[in-house]
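Chain by chain, the residues:
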Amino acid sequence: MPGKIRAVIVDDEPLARQGIRAYLSADPAVKLVGECRDGVDAIKFFSDHTADLLFLDIQMPEVNGFEVLESITPPRMIVFVTAYDKYAVEAFNVHAFDYLLKPIDPDRFAEALNRAKTEFGRNSRQNGRRDGKSRLLPLLSAMREREGRPERIVVRSAGKMHFLPTTELDWIEAAGDYAYLHVKGKKILHRETMHELEQRLAPGNFCRIHRSTIVNLSRIKELLPMTHGEGILHLQDGTRLDVSRTYRQRLLALIR
């Protein structure tokens, strides 16, 4: 038998958190394990904790709900909490994510929670397999197409959270399931994969030139062709990067 559903609430409105907390406390199948007052608090929480179910507000100051999801390893089950936004609601429906509109209706909340409980039971029978991030990528991509690509990346380093403008990135280097961000001669470990970063960054400003390298196009000084369709990039700071045959044509199309 599966255990209790571990739930987390992320909302900058105290009354909204209070309402969700009250609804959850009435259900013995759910255990509230975290309550975050904003996006920054949420990112800190998920750096040390996990959960099964996340109630996530979208419109929050400083770090919004989508930026939170891009900065954490998300739970399998997410219920978005939002004021009415027709486009967002359509996106949630298309990509099979549940949502609650503010002010939250008790019957609608019960419906969302019952769906989560059904999903939790199904996931438990499948030996706990989770693919929260891969499920989210199409939704996040759709929202970016509407709102534009992010102008910053939330980076956790040395116990602190930094908001790094993407314009400051020189290049990105793969590091297993993480990546190194190269910024003004510094090397910062970031908890996202190369694929996730490639999806996030504007293609007119950044280009993948190797399976392990993404470059800021504005940093390129020269491209030297090599044999077999490969190449060498020299950046303005003197950095030398390999260009693989797979990505060379894409790079040429962008820099032309």
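Everything that follows concerns the structure shown earlier in this document.
Residues numbered from 1 in each chain as written. Predicted model: local features only at pLDDT ≥ 70, side-chain atom pairs only at ≥ 80, totals over all residues. Heavy atoms only, no water.

Enquirer: Would you explain helix H8 (residues 245-255) in this entry?
Expert: In an α-helix there are 3.6 residues to a turn, and that puts residues three or four apart on one side. Those residues of H8 lying buried are Tyr 247, Arg 248, Leu 251 and Leu 252. The buried side chains of H8 occupy one side of the element, clustering within an arc of 145 degrees when seen end-on. H8 presents Thr 246, Gln 249 and Ala 253 as exposed residues on the side facing more than 90 degrees away from its buried surface. (Buried < 20%, exposed > 50% of the residue type's maximum accessible area, 1.4 Å probe, protein only. Helix = DSSP H or I, 4+ residues; strand = E, 2+ residues; numbered from the N terminus. Arc of directions from axis to C-beta.)

Enquirer: Help me out: how do you make sense of the sheet that holds strand E15 (residues 240-243) in this one?
Expert: One key point about sheets: their strands pair by backbone hydrogen bonds, in either a parallel or an antiparallel sense. The sheet built from three strands is open, its strands ordered E13-E14-E15 with antiparallel pairing. Each end of this open sheet is capped by a strand with a single partner; those strands are strand E13 (220-225) and E15. When the angles between neighbouring strand axes are averaged without regard to direction, this sheet yields 25 degrees. Of the pairings in the sheet, the one linking strand E14 (residues 231-235) to E15 comprises four bridges and is antiparallel in character. Counted as the bridge partner of Leu 233 is Leu 241 from E15. (Pairing = 2+ DSSP bridges. Axes fitted to C-alpha atoms, helices over the stretch in contact; angles between N-to-C directions.)

Enquirer: Which parts of the structure should I look at to understand the environment of Val 40?
Expert: As for its placement among the helices and strands, Val 40 is situated in helix H2 (residues 39-46). For the pair Val 40 and Ser 71, spaced 31 residues apart in sequence, the C-alpha separation works out to 10.0 Å. Sequence-distant contacts of Val 40, defined by excluding residues within four places in its chain, comprise Glu 62, Val 63, Met 161 and Phe 163. (Contact = heavy atoms within 4.5 Å.)

Enquirer: Teacher, can you tell me more about the packing of aromatic side chains here?
Expert: Each aromatic ring pair is summarised here by two numbers: the centre-to-centre distance and the angle between the ring planes. Tallied over the full model, the rule gives seven aromatic pairs. Arranged with centres 5.3 Å apart and planes meeting at 15 degrees, the rings of Phe 55 and Phe 109 form a pair that is stacked. Here Phe 109 lies in helix H5 (residues 106-125) and Phe 55 lies in strand E3 (residues 53-57), a separation of 54 residues in the sequence. Per residue, the accessibility class of Phe 55 equals that of Phe 109, and both read buried. Note on Phe 92 and Tyr 99: the rings are 6.0 Å apart at their centroids and 35 degrees apart in plane angle, and the pair reads as tilted. The same class applies to Phe 92 and to Tyr 99, which are both buried. (Phe/Tyr/Trp six-rings, centres within 6.5 Å; stacked < 30°, edge-to-face > 60°.)

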